[in-house]
Amino acid sequence: MNVYQQIVAEIKAASNIIITSHKSPDGDSVGSSLGLLHFIEKLGKTATICHPDPAPGFLNWLDTSGFLLMTDQSAAVATAFTAADLVFCLDYNGTNRVGYDMQVLLEAVTCKTIMIDHHLNPEDFPTITVSETSASSTSELIVDLIEQSGNGDLLDPKIGTPLYLGILTDTGNFRFPSTKPHTHELLAKLLAAGVAHHLVHEMLSDNNTASRLRLQGYAMCEKMEILEDYMVAIISLSKEELAKYNYQKGDTDSLANQALSIKGMKAAIVFTERDGIMKISFRSKGEENPVNIMAAENFNGGGHANASGGMSELSVAETLTKIKDLVPKYFSVK
């Protein structure tokens, strides 16, 4: 019995399954959660998705109405954790990634827990761990779960569409080095199962609001600084600037990739002032320009070599100065 068959056996033996993922959700965390949920349903079982906070606006076309959210349904989430006899931990590798309130619940459970994740340095808290750092996304690993457990015939558009979305977004539209031949083999299986991939692209690409485009235009025109010697772009946005353009969650998610698309650019760093801290997104190109080390050593973050996150409790100006001072340490002169 391989690990994926073991996981399916645990699903079939459980009565109260919950699916968790990390704080500040993205396409992969939401997509893998929904894909797993619908697979569990196909196995004749039920599950509840418990997330720390809502999905970003650009994913509103997905049906997330059944999610229990720690932000406004904490009592229901606590009840779900108390009743759970199996907990899935998707797209995160440490209990602190779910936010303090959910972390307390997660660390208190006595039932079996299953981690399925692709980030570096997983903590040793789950009963069963699937940690594949070479995988493009957690959504890719959910497709592996379905296929390698012998349940590939259960794949359908309801399961496959959010999984396709998760792979698409976490690979940067298949541009990151994490996109391997195996990734495309699994994508082919999703298409064969009826996933309308063109509609996923349309829902993601043709989902802008006027305020989002104005904010992005302002950021690129007025707030982008390029350190020409190192070919690193930096964009900073204060809470006042975000408010001016009616910021909604997800409105700045594409800025780093836009800046990185400039010819010759090695890396792009975008930070926004939210909830009293600076939330930082790091993106880069090539094995020679990793950003996860910079994020981990200086901004309490980490992630993948070319796509990482972090945070700063300094002011906007102080954070900008700190990043500029650090760039020469982590990037070579062009």
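Going by the structure above, here's the rest.
Keep in mind the model is a prediction, meaning the values are calculated, not measured.

What counts, and at which threshold
Residues numbered from 1 in each chain as written. Predicted model: local features only at pLDDT ≥ 70, side-chain atom pairs only at ≥ 80, totals over all residues. Heavy atoms only, no water. Salt bridge = Lys/Arg side-chain N within 4 Å of Asp/Glu carboxyl O. Helix = DSSP H or I, 4+ residues; strand = E, 2+ residues; numbered from the N terminus. Buried < 20%, exposed > 50% of the residue type's maximum accessible area, 1.4 Å probe, protein only. Pairing = 2+ DSSP bridges. Contact = heavy atoms within 4.5 Å. Axes fitted to C-alpha atoms, helices over the stretch in contact; angles between N-to-C directions. Phe/Tyr/Trp six-rings, centres within 6.5 Å; stacked < 30°, edge-to-face > 60°. Lys NZ or Arg CZ within 6 Å of the ring centre and 35° of its normal. Core = buried A, V, L, I, M, F, W, Y, C linked by side-chain atoms within 4.5 Å. Parallel < 35°, antiparallel > 145°, perpendicular 65-115°, else oblique. Left-handed = near helix turned anticlockwise from the far one by under 90°.

1. A look at the pattern of salt bridges
On inspection of all chains with the given rule, the structure shows eight salt bridges. One salt bridge in this structure joins lysine 112 and glutamate 10, with 2.9 Å as the shortest N-O distance. Of this pair, lysine 112 sits in strand S5 (residues 112-117) while glutamate 10 sits in helix H1 (residues 3-13), and the two are 102 residues apart along the sequence. By relative accessible area, which is 15% here, glutamate 10 ends up buried. Between arginine 212 and aspartate 251 there is a salt bridge; the shortest N-O distance is 2.8 Å. Placement of arginine 212 in helix H9 (residues 210-223) and of aspartate 251 in the loop between helix H10 (239-244) and helix H11 (255-260) is noted, with a sequence separation of 39 residues between them. Judged by relative accessible area, which is 8%, arginine 212 ranks as buried.

2. Describing the sheet that holds strand S12 (residues 307-312)
One open sheet holds the six strands; their spatial order is S7-S8-S9-S10-S12-S11, and the pairing between them is mixed. Edge positions in the sheet fall to strand S7 (224-227) and strand S11 (302-303), since each of these pairs with one other strand and no more. In the packing of H9 onto the sheet, contacts are made with S7 and strand S8 (232-237), and the angle to S8 comes to roughly 125 degrees.

3. Regarding the packing of aromatic side chains
All chains considered together, the criterion is met by three aromatic pairs. Ring geometry for tyrosine 164 and phenylalanine 174: centres 6.1 Å apart, planes at 75 degrees, overall edge-to-face. Here tyrosine 164 is found in helix H6 (residues 157-170), whereas its partner phenylalanine 174 is found in the loop between H6 and helix H7 (181-192), with ten residues between them in sequence. Overall, the relative accessible area of 23% leaves phenylalanine 174 in the partly exposed class. Its end group placed over the ring of tyrosine 218, lysine 244 keeps NZ or CZ at 5.9 Å from the ring centre.

4. Side note on the nonpolar core
Ranked by internal contacts, the top residues of the largest apolar core, which has 47 residues, are Ile7, Phe88 and Ile116. If we skip the residues at most four places from it in the chain, phenylalanine 88 touches Ile7, Ile11, Ile17, Ile18, Ile19, Thr20, Leu36, Ile40, Ile114 and Ile116. Ranked by size, the runner-up nonpolar core spans 21 residues in total, among them Leu227, Tyr230, Ile280 and Leu326.

5. What to know about the pairing of S7
Direction of pairing for S7 relative to S8: antiparallel, over a ladder of four bridges. Pairing of methionine 224 across the sheet is with isoleucine 235, part of S8. Here S7 folds back onto S8 in antiparallel fashion, the turn holding four residues, of which methionine 231 has a positive phi close to 55 degrees.

6. Here's the deal with unusual backbone geometry
You will see that asparagine 173, though not glycine, has its phi angle at about 60 degrees, which is positive. Its location among the elements puts asparagine 173 in the loop between H6 and H7. At asparagine 300, a position not held by glycine, the phi torsion is positive, near 50 degrees. Residue placement: asparagine 300 occurs in the loop between helix H12 (292-298) and S11. Among the residues examined, asparagine 300 registers a relative accessible area of 64% and is labelled exposed.

7. Observations concerning the packing of helix H2 (residues 27-42) against helix H5 (residues 138-148)
For the pair H2 and H5, the least separation of the axes is 8 Å and the interaxial angle reads 20 degrees. Here H2 is positioned roughly parallel relative to H5, judged by the angle of their axes. In this structure, H2 meets H5 at a crossing whose hand is left-handed. Counted together, Asp28, Gly31, Ser32, Gly35, Leu36 and Phe39 of H2 and Thr138, Ser139, Ile142, Leu145 and Ile146 of H5 form the full contact between these two elements.

8. Overview of the environment of phenylalanine 282
Here phenylalanine 282 lies in strand S10 (residues 277-284). The class for phenylalanine 282 is buried, based on a relative accessible area of 0%. Along the primary structure phenylalanine 282 and glutamate 132 are separated by 150 residues, whereas in three dimensions their C-alpha atoms are 21 Å apart. Leaving out residues up to four positions away in the same chain, phenylalanine 282 has contacts with Ala268, Ile269, Val291, Met294, Ala295, Phe299, Asn306, Ala307, Ser308, Gly309 and Gly310.

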